[in-house]
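Structural features, examined
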Amino acid sequence: SERRFMGAGVLTSEGPWSVPQKLPTMFVVEPPSSCVLLMTILVALASAARGTRELGIYGGDRGTTEDYPFAAILCSRMYSGDWCDAICTASLVSPGVIMTAAHCFNDFMGLFELDNNFQGREAYERRVLSSYRVIFGENASGPHLTSKAVRVKKIVVAEPFSFEEGSSSWDVALVFLEDCNDEVEPIQMLSTSSSAESGPTWQQRPWGEVKILGWGDSEDFCVSPYRMMDDHDPLQVMSYNVTSCDDLAWCEEEGNCDEQKAMCLVTTNVASCGGDSGGPVFAELSAAGGEEALRVVEAFSGAAGGVSSRGRGGRFVQVGILSGGEILPLENHAGDPGTGEEGFRDEATAALVPAYEDWLRKYIQTDECLEKAGMIVDDLFLDLD
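Residues numbered from 1 in each chain as written. Predicted model: local features only at pLDDT ≥ 70, side-chain atom pairs only at ≥ 80, totals over all residues. Heavy atoms only, no water.

Description of helix 6 (residues 357-364)
The buried fraction of helix 6 amounts to 6 of the 8 residues, a majority that puts the element mostly inside the structure. Among all positions of helix 6, only Glu357, Trp359, Leu360, Arg361, Tyr363 and Ile364 are buried. (Buried < 20%, exposed > 50% of the residue type's maximum accessible area, 1.4 Å probe, protein only. Helix = DSSP H or I, 4+ residues; strand = E, 2+ residues; numbered from the N terminus.)

Regarding unusual backbone geometry
Note the cis peptide between glycine 142 and proline 143, where omega equals -5 degrees. Assignment of secondary structure puts proline 143 in the loop between strand 7 (132-136) and strand 8 (150-157). Backbone geometry places asparagine 116, a non-glycine residue, at a positive phi of 65 degrees. By secondary structure assignment, the location of asparagine 116 is in the loop between helix 2 (111-114) and helix 3 (122-130). For asparagine 116, a relative accessible area of 22% puts it in the partly exposed group.

Overview of the environment of arginine 361
Turning to its location among the elements, arginine 361 is positioned in helix 6. Distance from arginine 361 to phenylalanine 381, taken between C-alpha atoms, is 9.4 Å for residues 20 residues apart in sequence. The contacts of arginine 361, once residues within four sequence positions are left out, are Val377, Asp378 and Phe381. (Contact = heavy atoms within 4.5 Å.)

Quick notes on the nonpolar core
Among the nonpolar cores identified, the biggest contains 70 residues, and Phe105, Val134, Leu174 and Leu360 are the most heavily contacted of them. Discounting residues that sit within four places of it in the chain, leucine 360 has contacts with Met99, Val172, Leu174, Met189, Val353 and Phe381. Within the second largest apolar cluster, 19 residues are counted, among which are Val242, Leu265, Val270 and Leu285. (Core = buried A, V, L, I, M, F, W, Y, C linked by side-chain atoms within 4.5 Å.)

So, a negative patch on the surface
A contiguous patch of negative charge, built from Asp246, Asp247, Glu252, Glu253 and Glu254, is present on the exposed surface. Tracing the sequence through the fold places glutamate 253 in helix 4 (residues 249-254). Taking relative accessible area as the criterion, glutamate 253 reaches 57% and is therefore assigned exposed. (Patch = residues over 30% accessible without salt bridge, like charges linked within 9 Å, V, L, I, M, F, W, Y side chains within 5 Å. Areas by Shrake-Rupley, 256 points an atom, 1.4 Å probe, with all protein chains shown as cover. Salt bridge = Lys/Arg side-chain N within 4 Å of Asp/Glu carboxyl O. Lys, Arg positive; Asp, Glu negative; His and termini not counted. Charge placed at Lys NZ, Arg CZ, Asp CG, Glu CD.)

So this is what it looks like as structure tokens:
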């Protein structure tokens, strides 16, 4: 199946393959099995890209970790020695835990088969944990010294997740930190409630705008692969409209978008890309036009009424975890994104946070940093009822 995840590349248990993750539909990349095949793919991509637009996926707004202190970089130290390479975006959801996408750990495909049971596989777990670090407070994806990043104590991957399916369902992972982050307030996660079970259907919900945060590629790889040097990328904020998954070509073709566990997003001439995987999809409740964002958040939980934060957070609420997507040309629009004409449509999918609340609570309540911060697990969720 087409790899649509937006992590560090098409990875196998042998290591990363630097093939763009998000490609026009004419580019379908199967996981390579040799360097020869990799070179063949890259040559074909370069040839096919000659006729495509050169301007990239700009359109996101620059962000800073002062504005979004909960944002985090998941980085790998497997291939750069003293340097830690950014591979995915994440969010601080508890003083000692970040949340990201499960597929970000596909350097170790065995993780998806173990169901978080490392009994008898302790050496393998140590190798996995030593391969990753977490970075806070940086406005660019690199370069970052491994010695200045936070060590990882435990990784928990959602047990039902299947990499091969290419689905956003259960594309969720929690990373427990060696050191508590007591300087940053976690972003609150949207909670479900008893009323959510009888809430409105997707088609009836009043959709609006949400934001996606990430350090993903800001060059043109996702639209026109490998036309520019891959520099380190700034933190960017992108606006998307939430829509029914029936509106996404991928969902229609593959039929693997479960709207009870995934959310679907669309925008034009802006696109998330490799490195944005795992990034928070969130509503900004206090922003201009916040009432529209609030309606979106209420729609996700099926709740009515106002926000009653428990005294923590309240400005942002995370509703999703970015998983994958694809870029499609807009019919009757051939202009490139830099001309003001509509040139392409980005369709993205994300794991729907409220759908995993029980699973999230089960593991996050074991965060030792919670008690040290004077918090309980309920403080980490925003219940709109």
